[in-house]
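# Coordinate inspection notes
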Amino acid sequence: RGTGDDRAGPARFDDDNRLGRGGGEQAQHPFHVDALVAQLVEHDVTTALDGREAVALMGQNAYDVILCDLIMPEMTGMDVYRAALQRATPMNDRIVFMTGGAFTQRARDFLQSVPNLRIEKPFDLTHLERTIYEAADIVDPK
């Protein structure tokens, strides 16, 4: 772990300002995802555009921690969790759910039924990093 001296000032992350970077037909990450990845310089980060891509990546790689939005179009974080649970080597315990607080009763019930950590948006980098290390320690205690 480095000193972090080369980082910009405090950053808060929320998906309420989803402004695409523009450019062609190719799907792109909203700018907040790119900003988040840029802040996590001490971590090897893989991003997925949606839940389906995340599930496909889980089939190809092992991850220490998976940050997953709870509410997403087409495939929710709940669906990603179920897919991670069904793998030959389950990865559901590695998921940290990100929530904006406004979600359905079904999502509330789901969060109450699973032991996974969660982080409320907006969040700052310090809180996110603490949560990442806590989640990694749960999966692989030292």
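Please refer to the structure higher up on the page.
Residues numbered from 1 in each chain as written. Predicted model: local features only at pLDDT ≥ 70, side-chain atom pairs only at ≥ 80, totals over all residues. Heavy atoms only, no water.

So, about the nonpolar core. A general trend in soluble globular proteins is that nonpolar side chains are found buried together. Among the nonpolar cores identified, the biggest contains 21 residues, and L70, V80, I95, F97 and F110 are the most heavily contacted of them. Listing elements by their share of this core, those giving two or more residues are α2 (51-60), β2 (66-69), α3 (77-85), β3 (95-99) and α4 (105-113). A total of 5 residues in this core trace back to one element, the largest contributor, which is α3. In contact with I95, other than residues within four places in its own chain, are I66, C68, V80, Y81, A84, N116 and L117. By size, the runner-up hydrophobic cluster in this structure holds 8 residues, among which are M98, I119, I132 and A135. (Core = buried A, V, L, I, M, F, W, Y, C linked by side-chain atoms within 4.5 Å. Buried < 20%, exposed > 50% of the residue type's maximum accessible area, 1.4 Å probe, protein only. Helix = DSSP H or I, 4+ residues; strand = E, 2+ residues; numbered from the N terminus. Contact = heavy atoms within 4.5 Å.)

This brings us to the environment of V114. Structurally, the position occupied by V114 is in the loop between α4 and β4 (118-120). C-alpha separation for the pair V114 and D93, spaced 21 residues apart in sequence, amounts to 9.1 Å. V114 has contacts with Y81 and F97, leaving out every residue within four places of it along the chain.

All right, on to helix α5 (residues 125-139) then. Its 15 residues give α5 an end-to-end C-alpha distance of 21 Å, which sits within 8% of 21 Å, the value for a rise of 1.5 Å per residue. Taken residue by residue, α5 has L125, L128, E129, T131, I132, A135 and V139 as its buried positions. Within α5, the buried residues cover an arc of 160 degrees as seen down the axis, which keeps them to one side. For α5, the exposed residues lying more than 90 degrees away from the buried face are T126, R130 and I138. (Expected span 1.5 Å × (residues − 1). Arc of directions from axis to C-beta.)

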